[in-house]
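# A closer look at the structure
Take a look at the letters that make up each chain.
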Amino acid sequence: MAERRSWSLGSALRGMFTRATIDETTWEDLEDALLTADFGPTITDEVVEALRDQVAHHQTTDPRDLRRMLSEIIEERLAKFDTTLNLSARPAVTLMVGVNGVGKTTTIGKFARFLRNFNRTVVVGAADTFRAAAVEQLDTWAMRADVRIVRPQQYGQDPASVAYQTVEVAMREGIEMVIIDTAGRLQTKSGLMDELGKVHRVVEKLTPVSEVLLVLDATTGQNGVQQAEAFIEYAGVTGLVVTKLDGSAKGGFVLAVQERTGLPIKLIGTGEGINDLTGFTPHVFAEQLLADA
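Residues numbered from 1 in each chain as written. Predicted model: local features only at pLDDT ≥ 70, side-chain atom pairs only at ≥ 80, totals over all residues. Heavy atoms only, no water.

Per an unreviewed UniProt entry, the protein goes by the name Signal recognition particle-docking protein FtsY and belongs to Gulosibacter faecalis. According to the UniProt record, the Subcellular location (unreviewed entry) comment for the protein reads "Cell membrane". Recorded under Sequence similarities (unreviewed entry), the UniProt text for the protein is reproduced unchanged: "Belongs to the GTP-binding SRP family." (UniProt positions renumbered as here; feature names shortened; annotations may be inferred.)

Approximately 200 Å³ is the volume found for the largest pocket. Lining the largest pocket we find T83, T84, L85, L87, R90, F114, L115, F118, R120, M177, K266 and G279. Counted by class, the lining of the largest pocket contains 6 nonpolar, 3 polar and 3 charged residues. (1 Å grid on protein atoms, 1.4 Å probe; cavity = no way out; pocket = protein on both sides within 12 Å on 5 of 7 lines; lining within 4 Å. Points joined across faces, edges and corners; volume = space filled by probe spheres on them. Nonpolar A, V, L, I, M, F, W, Y, C, P; charged D, E, K, R; others polar.)

Before going further, it helps to examine empty space enclosed by the protein. Applying the stated criterion across every chain yields a total of 1 cavity of 30 Å³ or more. Taken as a whole, the largest cavity spans an internal volume of roughly 30 Å³. V99, V102, V215, L216, D217, T220, G224 and Q227 are the residues that line the largest cavity. Of all the secondary structure elements, the ones that give two or more residues to the lining of the largest cavity are β5 (209–217) and α9 (221–234). Looking at the lining of the largest cavity, the element that brings in the most residues is β5, giving 3 residues. For the lining of the largest cavity, the class distribution of residues is 4 nonpolar, 3 polar and 1 charged. (Helix = DSSP H or I, 4+ residues; strand = E, 2+ residues; numbered from the N terminus.)

Let us now look at the sheet that holds β5. Pairing is mixed across the open sheet formed by 8 strands, whose spatial order is β3-β2-β4-β1-β5-β6-β7-β8. Strand pairing shows two members of the sheet lacking a second neighbour, β3 (148–150) and β8 (277–279), which therefore form its edges. The sheet shows a mean angle of 25° between the axes of neighbouring strands, direction not considered. Taken together, the 5 bridges between strand β1 (residues 92–97) and β5 define a ladder with parallel strand orientation. From the neighbouring strand, T94 faces β5, where its bridge partner is E211. Here helix α6 (residues 132–145) sits on the sheet in contact with β2 (122–126), β3 and β4 (177–181), set at roughly 170° to β2. (Pairing = 2+ DSSP bridges. Axes fitted to C-alpha atoms, helices over the stretch in contact; angles between N-to-C directions. Contact = heavy atoms within 4.5 Å.)

We now examine the environment of D217. For D217, the position within the fold is in strand β5. Separated by 10 residues in the primary sequence, D217 and Q227 place their C-alpha atoms 11 Å from one another. Once residues within four sequence positions are removed from consideration, D217 is found in contact with G101, V102, T243, K244 and F253. At a separation of 2.6 Å, a polar atom in the side chain of D217 contacts the side chain of T219. (Polar contact = N/O pair within 3.5 Å; in protein donor to acceptor, adjacent residues only side chain to side chain.)

Another point: the nonpolar core. One finds F111 and V124 to be the most contacted residues of the largest nonpolar core, which totals 99 residues. With near-sequence residues (within four places) excluded, F111 lies in contact with L85, L87, T94, M96, I179, L213, L267 and L277. (Core = buried A, V, L, I, M, F, W, Y, C linked by side-chain atoms within 4.5 Å. Buried < 20%, exposed > 50% of the residue type's maximum accessible area, 1.4 Å probe, protein only.)

The geometry of helix α5 (residues 104–116) relative to α6 is characterised by a closest axis approach of 9 Å and an angle of 20° between their N-to-C directions. Classified by the interaxial angle, the pair formed by α5 and α6 is roughly parallel. Both α5 and α6 take part in a crossing whose hand is right-handed. Facing α5, whose interface residues are T105, T106, I108, G109, K110, A112, R113 and R116, α6 presents A134, Q137, L138, W141, R144 and A145. Looking at the contact of α5 with α6, its residues break down into 6 nonpolar, 4 polar and 4 charged. (Parallel < 35°, antiparallel > 145°, perpendicular 65-115°, else oblique. Left-handed = near helix turned anticlockwise from the far one by under 90°.)

Spelled out as structure tokens, the structure:
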């Protein structure tokens, strides 16, 4: 039985780029494909308009030129943001924030493994102390990633104290990277933001926080961004991690979310395995997005 392939932007565009010419049907099909890939109406309109201008300027009717121009436009828009992880401090402390259910704890395990693959020593702090399941899940991922974990000493322990203890361990033992899990409930309530602010302040009594990474679920699209807006506004977010990016079916979300939030995507999760998290490179992503076209 042939393997069933999910929809992707590249496969949707493949027939378009092998046509004899560029006509109005081409533009309509391109617009539909970009909207289906979650670029959103505003960016879709802007991309199509830019392509129309380039096609007119170069006086081309060859759809193969259209593919090259589309790749260049997507890469150019993605490259407006600095996607570099700021992890040069020792220890480099990363706070992971986000709404419950987006895969935050899982992402921490994958991020720990990602850093271990670069021969960095890592400790994770289980500061989502009011969800026992979160602590146990993080413990499991820490074992899989082969990294140290600092757990709360009792149920409901002050999250900031767990974060503080985690950084203390790193400083005492010369561990290079610290990743701290945080609570994700009640994203519209000021109490959660106050708690995250306290974690941030307490950690910075020992060392500056290098990154505050907001985890977003690509499958929830624009709704996910709306859910996370309180984190963006109040939690001092420095970058985004996009999870559940299944192929290029929702690839447009990557571009849309950067432009909507003004924040760079620094990591992308593409599957369930512990190694399915990578750094974000605009050129590589743009090519992958159109790989089947």
